[in-house]
Amino acid sequence: MTNPLPHADVAVVGGGVIGLAVAWRARQRGLDVLLIDRGDLGAGASRAAAGMLAPVAEADAQERALLVHNLESARRWPAFAAELGDVTGVDVGYRACGSLLLARDRDEAEHVERERALRERMGLKVERLLGSEARRREPALAPSLRLALALPDDHAVEPIRVTAALIEACVRAGVHVRAGTDVSDLATLPAERVVIATGAWAGESRRMPVRPVKGQALRLRDPSGPGLCDRVLRWGPPTPGYLVPRGDGRYYLGATMEERGFDTAVTALGVYELLRDAGEVIPGLLELEIEEALAGLRPGTPDNAPIVGTDPADERIVWATGHFRNGILLCPLTAELVADELTGGRPDHALRPERFAAEGAPA
Ligand code: GLY
C-alpha cells in the first residue's frame, strides 16, 4: 500500500528544474510544499537540456518580452548557482565562458551580420570577428570559417548537476518529495494551491497551449581531456546547432527542432545532421567519443515564452511551464515569480497565463 500524500500549502506537480526550483523557493518562504512527479525527478527536458544561458543568442525581434525576462534571469544565475553550491555542496557547473555564433559560408555570414545589427539595435553586447580572430580565440575552429559574432554574456551551466543540487536543496529545506507518483487528477491533491510544472505535458489538460518540440542531441567526450574549445559555439540556420563545452573534456552537441508530438526516438538523420554541421565548424569534434545520444521535449508555446502565474479561471492553479528553449536559463526568475504568487503577490509581467485564456478549453 502506498503512503497517502501529506497535506501541504502547495503541491508542485513536475520534478524538473522548474518544479524543483519553485518548490525550494516556496519552502524558503515558509510554505509547506509537496513536490510530485509521475516518473523520476529531472528525467524529462531537464536531463536532455544543454544548459546554455543564452539570452543574447536566443534574442528575436518579435520576442521582446521574452528577451527582458531572459536577460533578468541570466543576471540572477551567478547568485543562484552560488547559493545552490553553498546550501548543497553541489557545483552546478556554471561557466562564464561566452559564446561564438559562427558563419561557414557567405549566406551564413549575411545571417550573422543581420543578427549583429539586430542585437546592436537592442543594446546587447556583441563583437564582430573575422574568421582569423575567431580562430585565434578558438584554434580548433575550421580554417574555412568566414565570420563570427562573439556573445560575451551568454554562458552555460550543467543541467544534470543543477537538478541534483535542486533535489538536495529541496530535501534539506523540508520539501516533501514524491517521485513515481501519478497525479492525473489535480482535484484530489491535498493542497491549497497547485503549481503545474509538467513541461511539455502541461498541454495535456488542454487548458494552456503547450506542445512538445523535440530536440535530439549527443553527449561527447574527449578521452585526452579538455582543450577542443572553451566557448559555446553556435551555427546555422538552416539547421542551427551548438556545442557546449563542460570544461573537462565533455561536450554537449545539440539540438534538432522537430514537431513530432511526444516522440523521443533518436534518429540516424538527426544524429547525422548534428555531426555533419559540427564537423564543418570544428573538425576535431569528429574524433570525440559518443557517450550518449538522446532526445528531449521542449515545452513550446505559441509565442515561445513561458506561462507563469495563477490560472485566470482557477485561483488554486499556478502555471509554471512553456519554457521552450530557455528552461534552464529562466529557472531562477520563474521560481521567484511563482513564489511571489504563492505568497499573496500578483507580479505584473508579460508571461502571465491571461494572454492564452481564450485559447485553452474549459477545465
Ligand atoms: N536551449 C537550446 C535548445 O532548446 O535547443
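One can find the structure itself at the top, above this paragraph.
Because the structure is a prediction, the values reported are computed rather than measured.

Conventions we followed
- Residues numbered from 1 in each chain as written.
- Predicted model: local features only at pLDDT ≥ 70, side-chain atom pairs only at ≥ 80, totals over all residues.
- Heavy atoms only, no water.
- Helix = DSSP H or I, 4+ residues; strand = E, 2+ residues; numbered from the N terminus.
- Buried < 20%, exposed > 50% of the residue type's maximum accessible area, 1.4 Å probe, protein only.
- Contact = heavy atoms within 4.5 Å.
- Lys, Arg positive; Asp, Glu negative; His and termini not counted.
- Charge placed at Lys NZ, Arg CZ, Asp CG, Glu CD.
- Phe/Tyr/Trp six-rings, centres within 6.5 Å; stacked < 30°, edge-to-face > 60°.
- Lys NZ or Arg CZ within 6 Å of the ring centre and 35° of its normal.
- Axes fitted to C-alpha atoms, helices over the stretch in contact; angles between N-to-C directions.
- Parallel < 35°, antiparallel > 145°, perpendicular 65-115°, else oblique.
- Polar contact = N/O pair within 3.5 Å; in protein donor to acceptor, adjacent residues only side chain to side chain.
- Pairing = 2+ DSSP bridges.
- Near = heavy atom within 4 Å.
- Nonpolar A, V, L, I, M, F, W, Y, C, P; charged D, E, K, R; others polar.
- Core = buried A, V, L, I, M, F, W, Y, C linked by side-chain atoms within 4.5 Å.

## Considerations on the overall build of the protein chain
- Each helix and strand counted, the protein chain has eight helices and 16 strands in total.
- Here the protein chain holds 363 residues, and 55% of them are scored as buried.
- Of the contacts made within the protein chain by residues no fewer than 6 positions apart, 78% connect residues no fewer than 24 positions apart.
- Treating the 43 positive side-chain charges of the protein chain as one cloud and the 52 negative ones as another, the clouds have centres 2 Å apart.

## Some remarks on the packing of aromatic side chains
- Scanning the model with the defined rule gives four aromatic pairs in all.
- Seen from their ring centres, Trp201 and Phe262 are 5.3 Å apart, and the 35° between their planes marks the pair as tilted. Highlighted residues: Trp201 in the loop between strand 9 (191-196) and strand 10 (211-221) and Phe262 in the loop between strand 13 (250-254) and helix 7 (268-281), separated in sequence by 61 residues.
- Taking the relative accessible area as the measure of exposure, Trp201 reaches 31% and is therefore partly exposed.
- In this structure Phe262 comes out as partly exposed when scored by relative accessible area, which is 42%.
- Each ring, one from Tyr242 and one from Tyr252, has its centre 6.3 Å from the other, and the planes form 5°; the classification is stacked. In this pair, Tyr242 sits in strand 12 (residues 241-245) while Tyr252 sits in strand 13, placing the two residues ten residues apart along the sequence. In this structure, Tyr242 and Tyr252 share a single accessibility class: buried.
- Taking NZ or CZ as reference, Arg25 lies 4.5 Å from the ring centre of Trp24, over its face.

## Comments concerning the packing of helix 3 (residues 64-88) against helix 8 (residues 327-342)
- At a closest axis distance of 7 Å, the pairing of helix 3 and helix 8 adopts a crossing angle of 90°. Classed by the angle they form, the pair helix 3 and helix 8 counts as roughly perpendicular. Judged by residue contacts, Leu66, His69, Asn70, Glu72, Ser73, Ala74, Arg76, Trp77 and Phe80 of helix 3 engage Ile328, Leu329, Leu330, Cys331, Pro332, Leu333 and Glu336 from helix 8.

## What about the side chain of Arg219?
- Structurally, the position occupied by Arg219 is in strand 10.
- Of the polar contacts made by the side chain of Arg219, one reaches the backbone oxygen of Arg47; its length is 2.7 Å.
- If we skip the residues at most four places from it in the chain, Arg219 touches Arg47, Ala48, Ile160, Tyr251, Tyr252, Glu289, Ile290, Glu291, Glu292 and Leu294.

## Focus on the sheet that holds strand 6 (residues 147-151)
- Read from one edge of the open sheet, eight strands run 5-6-4-11-12-13-10-14, paired in mixed fashion. Only two strands of the sheet have a single partner each, and these edge strands are strand 5 (127-130) and strand 14 (289-300). Strand-to-strand, the axes of this sheet are offset by a mean angle of 20°, without reference to chain direction.
- Docked against the sheet, helix 4 (residues 106-121) engages strand 4 (99-103), strand 5 and strand 6, running at close to 30° with respect to strand 6.
- Where helix 7 meets the sheet, it contacts strand 4, strand 10, strand 11 (232-235) and strand 13, and its direction lies at approximately 55° from that of strand 10.

## Comments concerning the site of the ligand
- Near the ligand you find Met52, Tyr242, Ala255, Arg298 and Arg325, and these make up its full shell.
- At a separation of 2.7 Å, an oxygen atom of the ligand approaches a polar side-chain atom of Arg298.
- Contact distances for the ligand include 2.7 Å between a nitrogen atom and a backbone N or O atom of Arg325.
- The residue makeup of the shell around the ligand, split by class, is three nonpolar, no polar and two charged.

## Describing the nonpolar core
- Val12, Trp77, Leu166, Val195 and Leu342 are the most contacted members of the largest nonpolar core, which has 46 residues in total.
- Those elements giving two or more residues to this core turn out to be strand 1 (8-13), helix 1 (17-28), strand 2 (33-36), helix 3, helix 6 (159-173), strand 16 (314-321) and helix 8.
- Of all the elements, helix 8 adds the most residues to this core, at nine residues.
- Beyond its immediate stretch of four places on either side in the chain, Leu342 contacts Val10, Val22, Ala26, Leu31, Arg193, Val195 and Val318.
- Judged by nonpolar contacts, the second largest core, of 28 residues, contains Ala54, Val56, Cys97 and Leu118.

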